[in-house]
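Commentary on secondary and tertiary structure
Residue-level listing of the chains:
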Amino acid sequence: VPSRGRFSPYMFNGTMFSTGGFSAEYGQALSSALILKSNDLPDQTVTGLSLMTIGPGVEHTQKWDRSSVSASCEYMNLSPYFKLVPQEFDWEKAPEGIGGMITFRHQTNTDGMLKGFATYNHSNERMNYPDMSDLDQIMALGLQNDNLYSQVNYQDGIGDKIISQTGVSFMQNTDDTDMDQDNLNEKERSVQVKQVIKYMHSEKIIIKGGVDWQWKEFSQRYFSAEEATAYKTEFTDNLF
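All figures in this text were calculated on a predicted structure; none of them were measured in a lab. (Residues numbered from 1 in each chain as written. Predicted model: local features only at pLDDT ≥ 70, side-chain atom pairs only at ≥ 80, totals over all residues. Heavy atoms only, no water.)

**Thoughts on the overall build of the protein**
Across its full length, the protein holds 1 helix and 12 strands. Seen in sequence order, the protein has helices and strands lined up from the N terminus as β-β-β-β-β-α-β-β-β-β-β-β-β. For 240 residues, the compact-globule estimate of 2.2 N^0.38 gives 18 Å, and the protein exceeds it by more than 25% at 22 Å. Here the C-alpha coordinates of the protein stretch approximately 70 × 40 × 30 Å along the principal axes. Across the protein, the fraction of contacts at a sequence separation of at least 24, relative to all contacts at a separation of at least 6, is 49%. About 16,200 Å² of surface is accessible on the protein, with carbon and sulfur atoms providing 55% of the total. For the protein, the distance from the average site of its 20 positive side-chain charges to the average site of its 32 negative ones is 11 Å. (Helix = DSSP H or I, 4+ residues; strand = E, 2+ residues; numbered from the N terminus. Rg over C-alpha atoms; globule rule 2.2 N^0.38 Å. Contact = heavy atoms within 4.5 Å. Areas by Shrake-Rupley, 256 points an atom, 1.4 Å probe, with all protein chains shown as cover. Lys, Arg positive; Asp, Glu negative; His and termini not counted. Charge placed at Lys NZ, Arg CZ, Asp CG, Glu CD.)

Printed below as a string of structure tokens:
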């Protein structure tokens, strides 16, 4: 099923996708890395309004000499589109969602930039789908999602050749899935703190070092109507 991304591509001035040969900063044996570089201060104060077949959206950016604040809100409903374009899936409730975002930027000095960002999204949908245990039977499959993400970043120069980058982020995601009479609820929370120091020895040589701490908490609750029993699994992960 096609899905929409949580972040607008207009938030970033550069997007780099690598399947190998990237920095050890993105280690943990990852097979790929998607590196997004967010925009700095905007050029001017602007208000935007979008009217699409799937829903409206509004955004406003207020700029001052060394600071800016941006806020946006959007609503999405695929029901009108599904009525015009036949779908292979039997949708009982077409995907519907609402979300908002706020961004703060402040240039502390010539090399210093402080950025804050927070976004929240809520969506729900429901379809009739073949039962995994009996493909001749159809089960109602519904999903409700709530996602909150926020981060604060600060970058500044130390002398002529050293750059310091500090970041803190928090994320909480909840998926509530209904499968006929059964229910699966999953919740994930994570915090990440990161400090990077880059020494610009020359145009071709950059020495980078830093500290990264990630904390994750995951819980899953499954209720079986047939057994009238709830099963719960949870774990906490710390990585330094």
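Resuming the write-up.
**Details of the sheet that holds strand E12 (residues 229-239)**
Reading across the sheet, the 10 strands line up as E3-E4-E5-E6-E7-E8-E9-E10-E11-E12 and stay open at both edges, with antiparallel pairing between neighbours. What marks the edges here is a single partner per strand, and that holds for strand E3 (46-52) and E12. If you compare each strand with its neighbour and ignore which way they point, the axes differ by 5° on average. Inspection of the sheet shows strand E9 (residues 162-179) paired to strand E10 (residues 182-200) by 18 bridges, in the antiparallel sense. Within the sheet, the bridge partner assigned to Ser 169 lies in E10 and is Gln 192. (Pairing = 2+ DSSP bridges. Axes fitted to C-alpha atoms, helices over the stretch in contact; angles between N-to-C directions.)

**Comments concerning the pairing of E12**
Where strand E11 (residues 206-224) and E12 come together, 11 bridges link them in antiparallel fashion. Of the residues in E12, the one forming a bridge with Glu 217 is Thr 236. In this structure, the hairpin formed by E11 and E12 is closed by a connection of 4 residues, where Ala 228 is found at a positive phi of approximately 55°.

**Section: the side chain of Thr 119**
Secondary-structure assignment places Thr 119 in strand E7 (residues 113-130). If near-sequence neighbours (up to four positions away) are discounted, Thr 119 is found in contact with Phe 7, Gly 100, Met 101, Asn 147, Leu 148 and Tyr 149.

**Quick look at the nonpolar core**
Judged by nonpolar contacts, Ile 54, Met 76, Leu 78, Phe 82, Trp 91, Ala 94 and Met 127 together constitute the single largest core of 7 residues. Listed in part, the 6 residues of the second largest apolar core include Met 11, Phe 12, Met 101 and Phe 117. (Core = buried A, V, L, I, M, F, W, Y, C linked by side-chain atoms within 4.5 Å. Buried < 20%, exposed > 50% of the residue type's maximum accessible area, 1.4 Å probe, protein only.)

**Side note on the side chain of Thr 174**
In this fold, Thr 174 is placed in strand E9. In this structure Thr 174 comes out as buried when scored by relative accessible area, which is 16%. Ignoring anything within four residues of it in the chain, the contact list for Thr 174 reads Gln 144, Asn 145, Asp 146, Asn 185, Glu 186 and Lys 187.

**Structural notes on the environment of Glu 234**
Relative to the elements of secondary structure, Glu 234 occurs in strand E12. Under the relative-accessibility criterion, Glu 234 is labelled exposed at 56%. Taking the C-alpha atoms as reference points, Glu 234 and Glu 217, 17 residues apart in sequence, are found 7.6 Å from one another. The residues contacting Glu 234, other than those within four sequence positions of it, are Phe 218 and Ser 219.

**Focus: the pairing of E10**
Connecting E9 to the next strand, E10, in antiparallel fashion are 2 residues, including Asp 180 with a positive phi near 55°. Pairing of E10 with E11, which is carried by 18 bridges, proceeds in the antiparallel orientation. Note on E11: the bridge partner recorded for Asn 183 is Phe 223. In textbook terms, the turn of a hairpin is the stretch between consecutive antiparallel strands, and for E10 and E11 this stretch comprises 5 residues.

**Considerations on the confidence of the model for the protein**
With 94% of its residues at a pLDDT of at least 70, the protein reaches an overall mean of 89. Least confident of the elements in the protein is strand E1 (residues 12-18), whose mean pLDDT is 75; most confident is E9, at 96. (pLDDT = per-residue confidence, 0-100.)

**Concerning the packing of aromatic side chains**
Aromatic ring pairs: the centre-centre distance and the angle between the two ring planes describe each pair. The full count for this structure, using the stated rule, is 5 aromatic pairs. Ring centres 6.1 Å apart and planes at 50° place the aromatic pair Tyr 81 and Phe 82 in the tilted group. Assessed through its relative accessible area of 36%, Tyr 81 is described here as partly exposed. With a relative accessible area of 18%, Phe 82 lands in the buried category. Ring plane angle 55° and centroid distance 6.3 Å describe the contact between Phe 117 and Tyr 149, whose orientation is recorded as tilted. Of the two residues, Phe 117 is situated in strand E7 and Tyr 149 in strand E8 (residues 138-158); the sequence distance between them amounts to 32 residues. A relative accessible area of 10% means that Phe 117 is categorised as buried. In textbook terms, an aromatic cluster arises when at least three aromatic residues are bridged by ring pairs, as seen for Tyr 81, Phe 82 and Trp 91. (Phe/Tyr/Trp six-rings, centres within 6.5 Å; stacked < 30°, edge-to-face > 60°.)

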